[in-house]
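# Working through the structure, step by step
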Amino acid sequence: MELDGKAIIVTGSAGGIGQAIARRCVQEGACVLITDRNEEGALSTAAEFASRSAVHVDDLADPAAPARIVAAAVEAFGTISAVVNNAAFIPRSDIETTDVELFDAVMAVNVRAPMLLIQAALPYLEAAGGCVLNIGSMNAYCGEPPLLAYSISKGALMTLSRNLGDAMHMRYGVRVNQINPGWVLTPNEYRLKLADGLPPDWPERISKTITPSGRLVTPETIAAGAVFWLSDASQPISGSVVEFEQYPIIGRNPPKDVSS
């Protein structure tokens with residue numbers, strides 16, 4: 001198994017991509033700290049894994065939360081081999097609706113919390129020769145119009161990954177990498193689009209311009225890729241940002257629909 005004997009923190013693991021990553025990590029032999037502010041979802045996720053997991057309920061908006069999360073992982077497993085910064089606050093906002101309070105709230109969860117969690121876990125990661133995997137977004141490159149604050153935060157997270165991927169690997173022997181998922185069909189995304197007025201079968205109606213394969217990416221696909229970056233197989237790579245999308249964003253020349 002790729003992650004046998006490793007102890008991994010996965011934030012935002014009560015559902016969606018984080019839950020899929022936690023599940024795959026356990027399947028690959030790791031013990032996982034399920035941490036989320038959704039207590040019911042976290043407990044439900046951990047119930048699948050019996051003795052291979054522990055639960056810590058916390059809110060990453062609180063700057064003291066990362067230290068508590070690290071303490072919970074050490075208490076449960078005695079060590080920390082890896083940190084997966086997956087949790088994110090994804091409000092809709094544009095240039096007219098992004099006020100100071102919203103901007104600060106997004107940056108607190110999506111950028112400050114990952115940095116503080118890495119900082120708190122660093123002594124244990126160094127001792128274990130461990131690694132960090134940040135879960136970013138294709139929105140880091142420019143972002144969708146109604147996701148201004150979120151997109152800015154993911155751009156900042158990408159810079160954090162590249163900066164620490166160099167500095168921490170060289171000084172502490174700790175690797176930092178990032179994956180940028182594109183459009184992923186999570187339960188929350190499905191519900192969100194229903195609320196936007198799309199029909200129940202909306203995932204099957206998406207143009208092949210957006211889904212060349214004919215379907216959206218699943219959380220399980222992201223989780224399978226995450227295992228590589230969390231495993232020793234990805235050594236000594238650090239500071240990499242890899243896109244997990246069906247088509248290239250940068251330099252893409254999508255087909256044009258021309259009506260006669």
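## Side note on the pattern of salt bridges
The full count for this structure, using the stated rule, is eight salt bridges. Asp62 is the salt-bridge partner of Arg68, the closest N and O atoms lying 2.8 Å from each other. Between Lys193 and Glu189 there is a salt bridge, and its shortest N-O distance comes to 3.7 Å. Note that Lys193 and Glu189 are positioned in helix α6 (residues 187–195) at a spacing of four residues, about one turn of the helix. Both residues of the pair, Lys193 and Glu189, count as buried. Through salt bridges that share partners, Asp58, Asp62 and Arg68 make up one connected network.

## Brief notes about helix α3 (residues 65–77)
End to end, α3 covers 18 Å across 13 residues, agreeing with the expected 18 Å (1.5 Å per residue, within 8%). Where α3 is concerned, the buried positions are Ala65, Pro66, Ile69, Val70, Ala72 and Ala73. Projected down its long axis, α3 shows its buried positions confined to an angular sector of 160°, all on one face. Where α3 is buried, its residues touch β1 (7–11), β2 (31–36), β3 (53–57) and α4 (100–128). Among the residues trailing α3, Gly78 stands out with phi positive, at a value near 80°.

## Comments concerning unusual backbone geometry
Residue Pro236 is bonded to the preceding Gln235 through a cis peptide linkage, with omega at 0°. Inspection of the secondary structure puts Pro236 in the loop between α7 (219–230) and β7 (241–244).

Calculation criteria
Residues numbered from 1 in each chain as written. Predicted model: local features only at pLDDT ≥ 70, side-chain atom pairs only at ≥ 80, totals over all residues. Heavy atoms only, no water. Salt bridge = Lys/Arg side-chain N within 4 Å of Asp/Glu carboxyl O. Helix = DSSP H or I, 4+ residues; strand = E, 2+ residues; numbered from the N terminus. Buried < 20%, exposed > 50% of the residue type's maximum accessible area, 1.4 Å probe, protein only. Expected span 1.5 Å × (residues − 1). Arc of directions from axis to C-beta. Contact = heavy atoms within 4.5 Å.

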